[in-house]
Amino acid sequence: MAEYINSNKEFHWGDWYFKNHVMPDDFNYKAHKKELSPYYEERGFKVSMMFDDYFSSLSGIHSDRYLSMDVYYFFVIPALNRHDFKDAYLDKNIYSELFPQVRQPQTVIKNIHGHYYRNGEEISADQAVDAVAAWDGDMIIKPTVETCNGEGVEMVTARDADSVKALFGQYGFNFIVQEKVKQHPDLQRVNPTSLNSMRLYTYRRQDGTYHFLYPFAHMRFGGKDAIKDNVSQGGGTCLIHPDGTVDDRVYRFKSLNVSSLKQETGVEDLHVPNYGKVIETLLAMHRRLPYFDFVGWDVTVLPDGEPLLIEFNLVPSVEGPQLMAGPMFGEFLDEVIERARQVESARMQTFKKTFNKGMTFYLHMQ
């Protein structure tokens, strides 16, 4: 029996994750599940051709190079990004310090580790309540650490002090209240209620050059009456071509149906405003993240055409991009897999401790 870099346990986890989070229930994943990808076998990994079956059924691109979920999450990400630094950088409360020159949603208040801040100055809980209660405009509240897929993002609907205090109590520690973004009208018309963002990817090679991964850029919009552009919760996603034109085909997780943006929304010939400036901004921001070679960016465009950073992801999902545009990383995949082959695995005993200010600590012992 051949020995692979990824263990059987990791292999089966990857299949389980894919079947439960991406693949629709009615897809016949067993057709080639036991066949292995020659591309990955040559490089020491065990990857099922099930991934090609599913992705190619939607993209039309047959390939034995599609990344499996276990190879991506357990090997590629640790090879490209300092996973142990991830959570600190992903705290949305520090975005303004990381990228001071980039437009971001206007902040009303921040809660960092249980302490309140406004305009960079620490304030009391009562002052934070007053600031939110007195704000003239629509606001969004969201957690700032350990979140994904728009978890916890909600409109602030009540403005009296008691309601705001109760809202703060629900979120506890580490959250932010921001003014609701007014996006460019061309993007807003896709779905007027949601913030319709773009997920774009940048990659830094080991020679220090930065690259925008064109084939995998896509736009996301929310479902009817939604405020989130969440593809896994009723929203849709469309590829963005290199010139900024948005493709008409709409994809969704757990669905084999590819619909039409024009038929769903009435929008056709959509072009991302100032797309070149968006890409230029992302590449500049990536240079401020020295510990991370692969970044997924969520951005939109303001009414004046300026890019607006919503958030960035250091473990960005690749299921959606592969569903629309073929194997992730494209021309850079060979070197990425070679880097992933250098990841060493060791069994360790782990103790998890969770503290009352939203912090989870993992103690690893050999």
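So, how was this worked out
Residues numbered from 1 in each chain as written. Predicted model: local features only at pLDDT ≥ 70, side-chain atom pairs only at ≥ 80, totals over all residues. Heavy atoms only, no water. Helix = DSSP H or I, 4+ residues; strand = E, 2+ residues; numbered from the N terminus. Contact = heavy atoms within 4.5 Å. Polar contact = N/O pair within 3.5 Å; in protein donor to acceptor, adjacent residues only side chain to side chain. Buried < 20%, exposed > 50% of the residue type's maximum accessible area, 1.4 Å probe, protein only. Arc of directions from axis to C-beta. Pairing = 2+ DSSP bridges.

K.L.:
I tried to follow the environment of Ser-96 on my own but got confused; where do I start?
P.N.:
Its location among the elements puts Ser-96 in helix α6 (residues 95-98). The sequence separation of Ser-96 and Thr-107 amounts to 11 residues, and the corresponding C-alpha distance is 9.5 Å. Filtering out sequence-adjacent residues up to four positions away, Ser-96 remains in contact with Gln-104 and Lys-110. Only 3.1 Å separates the side chain of Ser-96 from the side chain of Lys-110, close enough to count as a polar contact.

K.L.:
Can you walk me through helix α7 (residues 125-134) in this structure?
P.N.:
All of the buried residues in α7 are Ala-128, Val-129, Ala-131 and Val-132. One side of α7 carries all its buried residues, which in axial view fall inside an arc of 160°. Here the buried face of α7 lies against β1 (107-112), β2 (115-118), β3 (121-123), β4 (139-143), α8 (161-171) and β6 (175-179).

K.L.:
Mind showing me how you'd approach the pairing of β2 here?
P.N.:
On a regular strand, one side chain projects to one face of the sheet and the next to the other, so that they alternate. The sheet contact formed by β1 and β2 spans 3 bridges and is antiparallel. Residue Asn-111 lies in a different strand from β2, and its bridge partner there is Tyr-116. Connecting β1 to the antiparallel partner β2 that follows it, the hairpin turn spans 2 residues, and His-113 within it adopts a positive phi of roughly 60°.

K.L.:
Mind showing me how you'd approach the side chain of Thr-237 here?
P.N.:
The residue Thr-237 is located in strand β10 (residues 236-239) in this model. Looking at Thr-237, its side chain comes within polar contact range of the main-chain oxygen of Met-219, at 3.0 Å.

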